[in-house]
Each structure stands twice: as structure tokens, then as C-alpha cells.
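What the coordinates show
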Amino acid sequence: MIRLALSEDHTIVRWALREALSKADDIEVVGEAGTAAETLAMVQNVKPDVLLLDITLPDRSGFDVLAEMRQIETAPLVVVLTWHTEPSYAARAISAGAHGYVNKAVEPTELLNSIRAVSRGEQIIPPGVEQLLASGDGHPASALTAREQQVMEMLARGMTNREIAEHLDISIKTVDTHRGHVLKKLGLRNNSELTRFAVKHGYVSL
């Protein structure tokens, strides 16, 4: 029996997942959480075999959950279930410790098979992601272009779009476009998260 826990911020989606997955003879849903904090507490209390984890949580991201779970000896195997289809998201999740990456648009049978495969120790990696992992050694920012990385580092140092535009001799609109690409590729929501990411991974120091 696979002891499965769910981390998903939308109550109705969580309910639907529980209803669908509980019908499988070999799966028991043993816990649910709607935030990153609840997820980390649940993982330590319930000790599931597999965690179905959404990347987008209201308090912190699923990437933060993956990072913190590395410190937990009894941490479960993780299948990330998300709408994000960008290969860079999947590469970042796998690099952070996820064992599977599945799009929410898949059929229930495919999700069940992914959970079973991960519970057996297999990895579920979407097409195109292995190449990205190989080319960037799994580094989270390997999907960025050189200019995007440059803009990310300047933003992380606290420079404004206007200052970056003047420094790089490009338009403010172009800077904003690069910023948008950086946030999308890295799965970040704002400049604060971008700064934390850049510091954490050694692009800038405070």
C-alpha cells in the first residue's frame, strides 16, 4: 500500500484528487495540506511514502518545500503536480529533489502510474527536461540566456529597471521583458523572490 499525501492550495482540487486516487486499491491518502508550512508539518507527522506537491502554494513555493525536506530524514518521495509546462520548471524541481514532474492536464490513470513508478524508485521526467538537466548540470538558472542572467543579477542587487537600462544601453521596456522571462523560467513571482533565489544560488551576495 502506497501512503500518499496531498499538498494543493485549492480545496476543490484537493478533494477531487483525494476522491480519484483513493479509489485505487494500492493507494491510501494519509494527509492533506494547503500551504507550504502545513505540508512540512504534515510530512513530519504523517510520514507518507509519496507526496503529491503543487509548486504554487500561498505562503511559499513548492521549491522551498523541496529544499526544506532535504533536511528531513523521513522525507517522502515527491511527485510535483502542476500546470507549469516550461522544461525549466521541471528541471528546477528535479534538481531540488523531486522524483517526478507531472502536468495537471494528464489523465488520472497516468497520474496513478506516475505515483506508482516513483514509489518503486523510478523518476518521471517530461520530454526535453533530461537534455536541460544535462546541459546545465541541473542548475536552476541554466535555462536563462546570458542577458537574462545579467538582468537577474542586477535586479537582485537592487538596481531599478531604469538603472539597468542605462547600464546595458537598452530600453526600459526591454529590461522589463527580460525580467518577465526570468520570473517565468524560474517559477518566481516578484523581485523579492528573485533576490532570494540569486543569493541562495550564489549569483549575488548580500
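In what follows, the accompanying structure is described. Everything numeric here is computed off the predicted structure, so don't read it as measured data.

1. Some remarks on the environment of Gly-62
- As for its position among the elements, Gly-62 is in helix H3 (residues 62–69).
- Placed 125 residues apart in sequence, Gly-62 and Gly-187 show a C-alpha to C-alpha distance of 9.9 Å.
- Contacts of Gly-62, omitting those with residues within four sequence positions, involve Leu-53, Asp-54, Ile-55 and Leu-57.

2. Some words on unusual backbone geometry
- Within the chain, Lys-47 stands out as a residue other than glycine whose phi angle is a positive 55°.
- If you trace the backbone, Lys-47 turns up in the loop between helix H2 (36–46) and strand S3 (50–53).

3. A closer look at the environment of Asn-103
- Note on placement: Asn-103 falls in strand S5 (residues 100–103).
- Expressed as a C-alpha distance, the spacing of Asn-103 and Pro-126, which sit 23 residues apart in the sequence, is 9.0 Å.
- If we skip the residues at most four places from it in the chain, Asn-103 touches Leu-81, Thr-82, Trp-83, His-84 and Thr-85.
- Within polar-contact distance, the side chain of Asn-103 engages the backbone oxygen of Trp-83 at 3.4 Å.

4. Notes on the layout of surface pockets
- Roughly 230 Å³ of internal volume is contained in the second largest pocket.
- Around the second largest pocket, the lining comprises 13 residues; the ones closest to its centre are Leu-17, Leu-81, Lys-104, Val-106 and Leu-111.
- Among the secondary structure elements, those contributing two or more residues to the lining of the second largest pocket are helix H1 (11–22) and helix H5 (108–119).
- The dominant element in the lining of the second largest pocket, judged by the number of residues it contributes, is H1, at five residues.
- Each residue belonging to the lining of the second largest pocket can be placed in one class, and the counts come to 10 nonpolar, no polar and three charged.

5. Some details on the pattern of salt bridges
- Under the defined criterion, the tally for this structure stands at 11 salt bridges.
- With a closest N to O distance of 3.9 Å, Arg-60 and Asp-64 form a salt bridge.
- Residue Arg-60 is classed as partly exposed on the basis of its relative accessible area, which comes to 32%.
- Exposure remark for Asp-64: the relative accessible area of 25% places this residue in the partly exposed category.
- Notably, a salt bridge pairs Glu-148 with Lys-185, separated by 3.0 Å at the nearest N-O pair. Of this pair, Glu-148 sits in helix H7 (residues 146–156) while Lys-185 sits in helix H9 (residues 172–186); the two residues are 37 residues apart in sequence, bridging distant segments of the chain. As far as the burial class goes, Glu-148 and Lys-185 line up, both buried.
- Beyond isolated ion pairs, a larger network of salt bridges with shared partners links Glu-8, Asp-54 and Lys-104.

6. Digging into empty space enclosed by the protein
- All chains considered together, the criterion is met by one cavity of 30 Å³ or more.
- Taken together, Leu-6, Ser-7, Glu-8, Leu-17, Leu-52, Leu-53, Asp-54, Leu-81 and Lys-104 make up the lining of the largest cavity.
- Secondary-structure elements contributing two or more residues to the lining of the largest cavity are strand S1 (2–7) and S3.
- Of the residues assigned to the lining of the largest cavity, the class counts are five nonpolar, one polar and three charged.

7. Some remarks on the environment of Pro-76
- Checked against the element boundaries, Pro-76 lands in the loop between H3 and strand S4 (77–82).
- Linking Pro-76 and Pro-48, residues 28 residues apart in sequence, is a C-alpha distance of 5.8 Å.
- Look past the residues within four positions of Pro-76 in its chain and what remains in contact with it is Val-43, Pro-48, Asp-49, Val-50, Leu-51, Met-69 and His-99.

8. Observations regarding the sheet that holds S3
- Taken in spatial order, the five strands of this open sheet run S2-S1-S3-S4-S5, and their pairing is parallel. Two strands close off the open sheet at either side, each with one partner strand: strand S2 (27–33) and S5. In this sheet, adjacent strand axes meet at a mean angle of 25° when their direction is disregarded.
- As judged from the four bridges shared by S3 and S4, these two strands associate in the parallel manner.

So, how was this worked out
Residues numbered from 1 in each chain as written. Predicted model: local features only at pLDDT ≥ 70, side-chain atom pairs only at ≥ 80, totals over all residues. Heavy atoms only, no water. Helix = DSSP H or I, 4+ residues; strand = E, 2+ residues; numbered from the N terminus. Contact = heavy atoms within 4.5 Å. Polar contact = N/O pair within 3.5 Å; in protein donor to acceptor, adjacent residues only side chain to side chain. 1 Å grid on protein atoms, 1.4 Å probe; cavity = no way out; pocket = protein on both sides within 12 Å on 5 of 7 lines; lining within 4 Å. Points joined across faces, edges and corners; volume = space filled by probe spheres on them. Nonpolar A, V, L, I, M, F, W, Y, C, P; charged D, E, K, R; others polar. Salt bridge = Lys/Arg side-chain N within 4 Å of Asp/Glu carboxyl O. Buried < 20%, exposed > 50% of the residue type's maximum accessible area, 1.4 Å probe, protein only. Pairing = 2+ DSSP bridges. Axes fitted to C-alpha atoms, helices over the stretch in contact; angles between N-to-C directions.

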